[in-house]
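Topology and contacts: notes
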Amino acid sequence: NYEINNINKDPNDFMVAMELVLVCFYITELGFKLVAHGRWFFFNKDMSWNILDLFLVVQSIYEQAIVFLSTHGAGVNRSFLRTVHILKIVKVLRVVK
């Protein structure tokens, strides 16, 4: 809701910090899953969810890099990343399955 209400504004420091904390958490989770499953991470019954998780984590890392560059004077347009942000909601829907 905050991002929609402030779509043309840069995110505040708290939001950037929280995004970074969550990205670090998901990188750690993905790392544990990769270590635990090894190559079977891509071939087990949850293969599609694992690939989605991998895609979302890579996209989040990319988004954090863009935010970092844009806040340090690179002038990057983040509108595409805001639209892809909706995919993160799909990760939450895994709980429902």
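Check the entry above for the structure.
Residues numbered from 1 in each chain as written. Predicted model: local features only at pLDDT ≥ 70, side-chain atom pairs only at ≥ 80, totals over all residues. Heavy atoms only, no water.

Some remarks on the overall build of the chain
Note the following rule: The secondary structure listing takes helices from DSSP runs of H or I that are at least 4 residues long and strands from runs of E that are at least 2 residues long, numbered from the N terminus. Relative accessibility decides the category of a residue: with a 1.4 Å probe and only protein chains considered, values under 20% of the type maximum give buried, values over 50% give exposed, and everything between is partly exposed. Each accessible area is a Shrake-Rupley estimate made with a 1.4 Å probe; only the visible protein chains count as cover when residues are assessed.
Helices and strands together make up the secondary structure of the chain, namely five helices and zero strands. For the chain, the succession of helices and strands along the chain, N to C, is α-α-α-α-α. Among the 97 residues that make up the chain, the fraction classed as buried is 24%. When the accessible surface of the chain is totalled, it reaches about 7000 Å², and 71% of it is carbon and sulfur.

Some remarks on the packing of aromatic side chains
Short version of the rule: Centres within 6.5 Å make a pair out of two Phe, Tyr or Trp rings, where for Trp the six-membered ring is used; the pair is then stacked when the planes are under 30 degrees apart, edge-to-face when over 60, and tilted otherwise.
Taken as a whole and assessed by the stated rule, the structure comprises three aromatic pairs. With 6.3 Å between their ring centres and 75° between their planes, Trp40 and Phe43 make a pair best called edge-to-face. Given a relative accessible area of 49%, Trp40 falls into the partly exposed group. Taking 5.0 Å as the distance between ring centres and 85° as the angle between the ring planes, the aromatic pair formed by Phe41 and Phe42 counts as edge-to-face.

Quick word on the side chain of Lys33
Short version of the rule: The definition of a polar contact used here is a pair of N or O atoms within 3.5 Å, where within protein one atom must be able to donate a hydrogen and the other to accept one, and adjacent residues in sequence count solely through side-chain atom pairs.
Mapped onto the elements of the fold, Lys33 is located in helix 2 (residues 13-37). Overall, the relative accessible area of 16% leaves Lys33 in the buried class. A distance of 2.9 Å separates polar atoms of two side chains, one belonging to Lys33 and the other to Asp53.

Describing a nonpolar patch on the surface
This is how the line gets drawn: Any residue with relative accessible area above 30% and no salt bridge may belong to a patch, with like charges joined within 9 Å and the nonpolar Val, Leu, Ile, Met, Phe, Trp and Tyr side chains within 5 Å. One side-chain nitrogen of Lys or Arg within 4 Å of one carboxyl oxygen of Asp or Glu is enough to make a salt bridge.
A contiguous nonpolar surface patch, about 580 Å² in accessible area, is contributed by Leu34, Trp40, Phe42, Phe43, Met47 and Ile51. Tracing the sequence through the fold places Met47 in helix 3 (residues 47-71).

Some points on helix 2
The cut-off we apply is this: In this scheme, a helix's expected span is set at 1.5 Å multiplied by one less than its residue total.
The end-to-end C-alpha separation of helix 2 is 36 Å, in line with the 36 Å expected for 25 residues at 1.5 Å each. Of the positions making up helix 2, those classed as buried are Glu19, Val23, Leu30 and Lys33. Downstream of helix 2 by a residue or two, Gly38 has a phi angle that is positive, lying close to 60°.

Observations concerning the pattern of salt bridges
If you walk through the whole model with that rule in mind, you get one salt bridge. For the salt bridge of Lys33 with Asp53, the shortest nitrogen-to-oxygen distance reads 2.9 Å. Separated by 20 residues along the polypeptide, Lys33 in helix 2 and Asp53 in helix 3 bring together distant segments of the chain.

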